Each structure stands twice: as structure tokens, then as C-alpha cells.
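Overview (structure and organization)
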Amino acid sequence: MRSTIITAAIIGLCAIIASALIGNAYKYRSKTMETIVVTGLAEKDFDSDLIVWNGSYSRKSFDLKEAYSTLKADENDIRSYLLKKGITPANMVFSSVMINKEFSQQTNANGQYMSQEFTGYNLTQSVTIESGEVEKVDKISREVAELIQSGIEFNSSAPMFYNTKLNQLKMELLGKASADARARAETIAQNAGSSLGELKKATMGVFQITGKNSNEAYSYGGAFNTSNKYKTGSITIKMEFKAN
């Protein structure tokens, strides 16, 4: 009799424990279903409206005054060339002259240093073109070899392309990414037989600028392409909604 009572008590206790476990499991499952987390994406192609182009030139001579005089003559020729091409004075900036005294090292038959010999003054100057006439300046940067034909050692760098309205673009993309995230969340809620509740949390992702139609990789810190004239801006946003 006593054994029967003990057995019944144990069975009852097990039933209570099992019910509690099932209840907690259901509560946990219901809790996890209360939140829907999605990531929205928005992209837009745009053109650059600002170009920055740099070029440098140099002259070398044993006589400092001669090197400087020749370099300033090159500056005048380059300025005249750019003006004829349609670049306004306000869009071109010439740097100060950099002077470098150069030497060559003398070694013995064993390659040991013996002395150094002065080989002349090397003077360098650069010019920067910054303009909103992107197509014009881009074309000039490809034609600048004409200066080399005139005897000027002009080293042209690749132009860099920018857009001056990135803040507006960023806000536009952020709005589209938010709408995309909400649409995704609504689809998930409907398919789960629920409805979308209030927004609990939103985290903006990295704003990326890559070359249009390029396979340029995205960066964790945000890519910022300056080599392509035509670009694609993109942004992501992670949103967490309450499910009703």
C-alpha cells in the first residue's frame, strides 16, 4: 500500500515537472517568434560632378638659378596650354617649388662606400586642376602628352572623381533601404500568419561607393571609389520589428 502511494506520488511529480518544461518551452518559442529581424538594401547609380587632376614637372641643373629659371618657363608654358584648353585661372593651382640637392655615391672595387659626388639641383613643381567640368578636364588629362612634345617633362596622374552631393544621396538611399527592410519584414510576418508590429531597433550599415558595373569589392569600413567617373552608391540598414 505504502509502495503504491510512493509510486503515485513520483508519477504525479514527474507529470508536474514535464508540464512545467513544456510550458517553459512553449513560452520560449513564443518569445523568439515575437521579433522579426531583416536587412534592407538600396543602390543608386550616379555621375561625378567634380574632378581633381594633378601633374608635376621638373628641371635639373648644376646651377640653381638656371634650373629655377627653366622651371618657371615651364610653368608659364603649362599655364598657357591649360588656358587655351579652356581651364580658367581659378581652377588651377601651382605649388611652390621643391628643391632637392642630388648626389651619387662612389664605391671601391669591393662595393664599399668611398665618397659622394654632387650631381646637380633637381627642382620640382606641380599643378592641380579642380573643376566641375568633368568631361572637359578628363579629356585634357588624356591629351597632355602634347606638353611632352614641346619639351616639358610633364608627369600626369590619373584624375580623381567625386560627387559633391553625397549627403543628399546617402539620405535618399537610407530611406529606400528602410522601406526595403519593412517590406521584407511584412512578407515574413504574413507568411508566418502574423502581423508586423512596431519598430524596436534600427542599425545603419556602411555607406559604400564603388565603380559602376565593376566587380569592386565592398570594404568593412566602407569603399570610397575615386577612380571611376560613373559610380554606384549603396547602403544597408538592419531593422528589428515586433511581431503581433
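Anyway, here's the lowdown on the structure attached to this text. (Residues numbered from 1 in each chain as written. Predicted model: local features only at pLDDT ≥ 70, side-chain atom pairs only at ≥ 80, totals over all residues. Heavy atoms only, no water.)

Quick look at the nonpolar core
The biggest cluster of nonpolar side chains holds 23 residues, and the ones touching the most others in it are Trp53, Ile78, Leu82, Ile129 and Phe154. Counting residues per element, the ones that place at least two in this core are strand S2 (50-61), helix H2 (64-84), strand S3 (92-94), strand S5 (113-131) and helix H3 (134-143). Ranked by residues supplied to this core, first place goes to H2 with five residues. Ignoring anything within four residues of it in the chain, the contact list for Leu82 reads Trp53, Ile87, Met92, Val127, Ile129 and Ile140. Counting 19 residues, the second-largest nonpolar core is a separate cluster that includes Phe46, Ala177, Ala185 and Ala243. (Core = buried A, V, L, I, M, F, W, Y, C linked by side-chain atoms within 4.5 Å. Buried < 20%, exposed > 50% of the residue type's maximum accessible area, 1.4 Å probe, protein only. Helix = DSSP H or I, 4+ residues; strand = E, 2+ residues; numbered from the N terminus. Contact = heavy atoms within 4.5 Å.)

Topic: the side chain of Ser234
Mapped onto the elements of the fold, Ser234 is located in strand S10 (residues 230-243). Judged by relative accessible area, Ser234 falls into the buried class, the value being 4%. Dropping the residues within four chain positions of it, Ser234 is found in contact with Ala42, Glu43, Leu173, Val206, Phe207, Gln208 and Tyr218.

A word on the side chain of Asn163
Mapping Asn163 onto the fold places it in the loop between strand S7 (160-162) and helix H5 (166-191). Looking at Asn163, the relative accessible area reads 17%, which means it is buried. A distance of 2.8 Å separates a polar atom in the side chain of Asn163 from the backbone nitrogen of Lys165. Every residue in contact with Asn163, bar those within four places of it in the chain, is listed here: Phe46, Asp47, Ser48 and Asp49. (Polar contact = N/O pair within 3.5 Å; in protein donor to acceptor, adjacent residues only side chain to side chain.)

Observations regarding empty space enclosed by the protein
Overall, the coordinates contain one cavity of 30 Å³ or more when judged by the stated rule. Roughly 40 Å³ of internal volume is contained in the largest cavity. Lining of the largest cavity is provided by Phe46, Phe161, Tyr162, Asn163, Leu166, Ile209, Phe224, Asn225 and Lys231. Of the residues belonging to the lining of the largest cavity, the class tally is six nonpolar, two polar and one charged. (1 Å grid on protein atoms, 1.4 Å probe; cavity = no way out; pocket = protein on both sides within 12 Å on 5 of 7 lines; lining within 4 Å. Points joined across faces, edges and corners; volume = space filled by probe spheres on them. Nonpolar A, V, L, I, M, F, W, Y, C, P; charged D, E, K, R; others polar.)

Topic: the pattern of salt bridges
Evaluation of the coordinates by the stated rule reveals 15 salt bridges. Salt-bridge contacts for Lys136 lead to Glu133; the nearest nitrogen and oxygen are separated by 3.3 Å. Lys136 sits in the partly exposed class, given a relative accessible area of 31%. A salt bridge links Asp180 to Arg184; the nearest nitrogen and oxygen atoms lie 2.8 Å apart. Here the residue Asp180 and the residue Arg184 both occupy positions in helix H5, the gap between them amounting to four residues, near one helical turn. Judged by its relative accessible area of 22%, Asp180 is partly exposed. Salt bridges sharing common partners tie together Lys85, Lys139, Glu143 and Glu146. (Salt bridge = Lys/Arg side-chain N within 4 Å of Asp/Glu carboxyl O.)

A few points about H3
Those residues of H3 not exposed but buried are Val134, Val137, Asp138, Ile140 and Ser141. Seen from one end, H3 has its buried residues packed into an arc of 160°, which puts them on one side. Those residues of H3 that are buried lie in contact with S2, H2, S5, strand S6 (154-156) and S7. (Arc of directions from axis to C-beta.)

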